[in-house]
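# Structural description and commentary
The lines below spell out each chain.
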Amino acid sequence: EVSADTEISAGASKRLLEDRKSEWTGVAVLVFAQHVVLAGAVKTAEVRKRVEDVVRQDKSIRSLKNELLVGDTGSLARDTALEAEINASLTAASGVSSVNMRWSATGGRVVLMGVAQSEAEAKLAAAKVRGIKGVKSLVSHLRVVPAKK
């Protein structure tokens, strides 16, 4: 699945770069186990829809959630610092396998996606993110998939 995720991500980036109408700057394409979440911000609702249409062209995508915000959302530097803080918090958290998760911050709004091995892990990861200074809201697309024995 890792190679499929890489192909989905690279293909989405390539198509967005080639598409003059998508104005994709500020868009994060989060991919895990062939599930895609679009995060970040775009200028208009039309661009939001266009980005989704361009990314959705890949038939190997199992699901796609569009969490793109419309409008100006603030500072790239703050968002980057917030993402680094999320990384540190989830990586250090006992009971959270952050390697199975992806996240993006835009104007204090965090989108979290990937796989948790239990409902408890999903709740713990969400709580850790919500507890970070600067997080205004959290949208979680964590899927609970129990570990294979």
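Just above sits the structure.
In short, a report on the structure. (Residues numbered from 1 in each chain as written. Predicted model: local features only at pLDDT ≥ 70, side-chain atom pairs only at ≥ 80, totals over all residues. Heavy atoms only, no water.)

Turning to the packing of helix α1 (residues 2-18) against helix α2 (residues 45-56), a few remarks are in order. It is the contact of α1 with α2, at a shortest axis distance of 9 Å, that shows an interaxial angle of 130°. Considered as vectors, α1 and α2 are oriented oblique to each other. Both α1 and α2 take part in a crossing whose hand is right-handed. Within the contact between the two elements, α1 uses Ala12, Arg15 and Leu16 and α2 uses Val51, Val54 and Val55. The residue makeup of the contact of α1 with α2, split by class, is 5 nonpolar, no polar and 1 charged. (Axes fitted to C-alpha atoms, helices over the stretch in contact; angles between N-to-C directions. Helix = DSSP H or I, 4+ residues; strand = E, 2+ residues; numbered from the N terminus. Parallel < 35°, antiparallel > 145°, perpendicular 65-115°, else oblique. Left-handed = near helix turned anticlockwise from the far one by under 90°. Contact = heavy atoms within 4.5 Å. Nonpolar A, V, L, I, M, F, W, Y, C, P; charged D, E, K, R; others polar.)

Moving on to the side chain of Glu67. Tracing the backbone through its elements, the reader meets Glu67 in the loop between β3 (63-66) and β4 (69-70). Here Glu67 falls in the buried class, since its relative accessible area comes to 15%. Residues within four places of Glu67 in sequence aside, it is in contact with Val37, Leu38, Ala39, Gly40, Arg48, Arg109, Val111, Val139 and His141. (Buried < 20%, exposed > 50% of the residue type's maximum accessible area, 1.4 Å probe, protein only.)

Applying the stated criterion across every chain yields a total of 5 salt bridges. Between Glu18 and Lys14 there is a salt bridge, and its shortest N-O distance comes to 2.7 Å. Remark: Lys14 and Glu18 occur in helix α1; sequence separation between them is 4 residues, near one turn of the helix. Measuring nitrogen to oxygen at the nearest pair gives 2.7 Å for the salt bridge that ties Glu67 to Arg109. Taken together, the residues Glu67 in the loop between β3 and β4 and Arg109 in strand β6 (residues 109-116) connect sequence positions 42 residues apart. Residue class for Arg109 comes out buried when judged on its relative accessible area of 16%. (Salt bridge = Lys/Arg side-chain N within 4 Å of Asp/Glu carboxyl O.)

Time to look at the sheet that holds β6. Ordered by their spatial adjacency, 3 strands build an open sheet running β5-β6-β7, and the pairing between neighbours is mixed. A single partner strand is all that each edge strand has here, and the edge strands are β5 (101-106) and β7 (137-144). Strand-to-strand twist of the sheet, defined as the mean angle between neighbouring strand axes without regard to direction, takes the value 10°. Taken together, the 6 bridges between β5 and β6 define a ladder with antiparallel strand orientation. When the sheet's bridge partners are listed, Met101 is paired in β6 with Gly114. Against the sheet, helix α3 (residues 76-92) contacts β5 and β6, and its axis sits at roughly 150° relative to β5. In the packing of helix α4 (residues 119-130) onto the sheet, contacts are made with β5, β6 and β7, and the angle to β7 comes to roughly 160°. (Pairing = 2+ DSSP bridges.)

So, on to the nonpolar core. Residues Ile86, Leu90, Met101, Val110, Leu112 and Val129 are the most contacted members of the largest nonpolar core, which totals 19 residues. Broken down by secondary-structure element, the contributors of at least two residues to this core are α3, β5, β6, α4 and β7. The element that contributes the greatest number of residues to this core is α4, accounting for 4 residues. Every residue in contact with Ile86, bar those within four places of it in the chain, is listed here: Trp103, Val110, Val129 and Ile132. Membership of the second largest hydrophobic core comes to 16 residues, among which are Ile8, Val29, Val54 and Val55. (Core = buried A, V, L, I, M, F, W, Y, C linked by side-chain atoms within 4.5 Å.)

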